[in-house]
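# Reading the structure
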Amino acid sequence: MIDVEHLSKAFGSHLVLDDITEHIDQGEKVVIIGPSGSGKSTFLRCLNLLENPTKGKIIFEGTVVNDRKTDINAVRRQMGMVFQHFNLFPNMTIRRNITLAPVQTKLMSQEEADKTAMALLDRVGLKDRAESYPAQLSGGQKQRIAIVRALAMKPKLMLFDEPTSALDPEMVGEVLEVMKELAHEGMTMVVVTHEMGFAREVGTRVLFMDGGKILEQNTPQEFFANPREQRTIDFLSKVL
Amino acid sequence: MAVPLFNGLADFGTKLYQAFLFEDRWKLYLGGLGNTLAITLGAICISTVFGMVLCLMRLSKHQVLRWPAQAYIDIIRGIPVVVQLLIMYNVVLLNVTDNKMVVAIIAFGVNSSAYMAEIYRSGINAVDSGQMEAGRSLGLSRAQTMWHIIFPQAIKNCLPTYTSEFIVLVKETAVVGYIALVDLTKVYSSVQSLTYDATAPLLIIAVAYFIITKTLALIFAHMERRLQASDRR
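An unreviewed UniProt entry lists chain A under the name Amino acid ABC transporter ATP-binding protein, with Lawsonibacter faecis as the source organism. Recorded in UniProt for chain A, the comment headed Subcellular location (unreviewed entry) runs: "Cell membrane".

### Quick word on the overall build of chain A
Across its full length, chain A holds nine helices and ten strands. Expected size for 240 residues packed as a compact globule is a radius of gyration near 18 Å; at 18 Å, chain A falls within 12% of this value. Oriented by its inertia axes, the alpha-carbon framework of chain A measures out at about 50 × 45 × 30 Å. When the 240 residues of chain A are sorted by exposure, 56% land in the buried category. Long-range pairs, those at least 24 residues apart, make up 65% of the contacts in chain A between residues at least 6 apart in sequence. On chain A, roughly 10,200 Å² of surface is accessible, and the fraction owed to carbon and sulfur atoms is 47%. Of note, chain A has its 29 positive side-chain charges centred 5 Å away from the centre of its 32 negative side-chain charges.

### Here we look at the interface of chain A and chain B
Contacts between the two partners involve 27 residues from chain A, matched on the other side by 21 residues from chain B. Across the chain A/chain B interface, buried area totals approximately 2,000 Å², and carbon plus sulfur atoms make up 55% of it. Our count for the chain A to chain B interface comes out at one salt bridge. Here B:Glu133 makes a salt bridge to A:Arg45, at a shortest N to O gap of 2.6 Å. Contributions of two or more residues to the side of chain A that touches chain B are made by helix H2 (72–76), strand E6 (79–82), helix H3 (94–104) and helix H5 (139–151) of chain A. For the side of chain A that touches chain B, the leading source of residues is H3(A), giving four residues. Class assignment of the residues belonging to the side of chain A that touches chain B gives a composition of 15 nonpolar, seven polar and five charged.

Analysis parameters
- Residues numbered from 1 in each chain as written.
- Chains lettered and ligands numbered in written order.
- Predicted model: local features only at pLDDT ≥ 70, side-chain atom pairs only at ≥ 80, totals over all residues.
- Heavy atoms only, no water.
- UniProt positions renumbered as here; feature names shortened; annotations may be inferred.
- Helix = DSSP H or I, 4+ residues; strand = E, 2+ residues; numbered from the N terminus.
- Rg over C-alpha atoms; globule rule 2.2 N^0.38 Å.
- Buried < 20%, exposed > 50% of the residue type's maximum accessible area, 1.4 Å probe, protein only.
- Contact = heavy atoms within 4.5 Å.
- Areas by Shrake-Rupley, 256 points an atom, 1.4 Å probe, with all protein chains shown as cover.
- Lys, Arg positive; Asp, Glu negative; His and termini not counted.
- Charge placed at Lys NZ, Arg CZ, Asp CG, Glu CD.
- Buried area = accessible area lost by both parts, 1.4 Å probe.
- Salt bridge = Lys/Arg side-chain N within 4 Å of Asp/Glu carboxyl O.
- Nonpolar A, V, L, I, M, F, W, Y, C, P; charged D, E, K, R; others polar.

Dropping the structure here:
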């Protein structure tokens, strides 16, 4: 589904991603872990071109994402993204937050979008908040809405950038629950997270990043039971 | 004790009467007020729109748009508005129009645009960068994200400074006497030359300015409260 070829990203002279080549298949749930500053978020943000790669290629279903001639908006419509800080639109009701993009991109009529929004809200148990504003919701509710907003575009792939890192501890569970459900439905997911439990339970593959490289990767069972690199062992000993 | 005070008040009452009611002199103020408001409103219409154009040019990725906007803003903000008004009247529009009202409206519109551009820009910059990213990640174009997501929030950010610019503009137009336009301030000279008293007309004019600016402030404060509906918990 996604091919990453020799991806490098530098901010000025600082090299954040160092020649990464990786492939992600349809239906995979790839969990990316690693210390802060290791480049995990930048890697994720390169996939939908929120960051422009310095070198290399990102190929999504045959389309080179970082080619000037590619209609990046069309590509992004197929990749949902969930942010650490939710980034809901504070000036709109929840319903409009969800329906804005499907309607503006002519994916749906307002009526269809409303119907989709209500169905999705029902799924995450927030149907009664459709006419609320983001400021009236808790962090966990906001993040569930943000997931729903991305899903309303009917994406083929979902990117999660530390979706639970800004939440109060008691709200982490409700967000992970929604993500688990999504995983069980077969959604292809790339998740940057510090939730090792989630990685173990939901991931089909764990990537460990450090210093702008993917240092080690494996199935969650193998990865957590038998880490190979010393750097991985050090990291896991601190977070587990 | 009370007699001199009473006499003083009565005396001032007479002066006020002379300056305002006698021979329908209030009509002079009304005329001046009309001109002050017309210039202000005309100028704010220009600067509200042209300021936005300048702001978008400044935020553009293209040097050819950014540079002229930056130069315009720098130059306009670096020259006193009276000088700009005189340049407009005696140089730029000398052979274009004799209509002093038009000259004044253009001069103040051109001046205020530079400030408006900066007001808009700071309003847009104050919107969290995550908003643009969220919009773009959903597949909206930059323009769509700007229009539906960034601008509505930026307007809310701009409103307090927009209000002060509006109020500043009302007061700044007091210099149009330099091109012999009779605005509210200029009425003072006419009345003073009739009554030989400065106190009463100046007081009347000061009160009139205050009422205009206070009314504006109240109207915009009301709008601000309405725009903040989405922030309430």
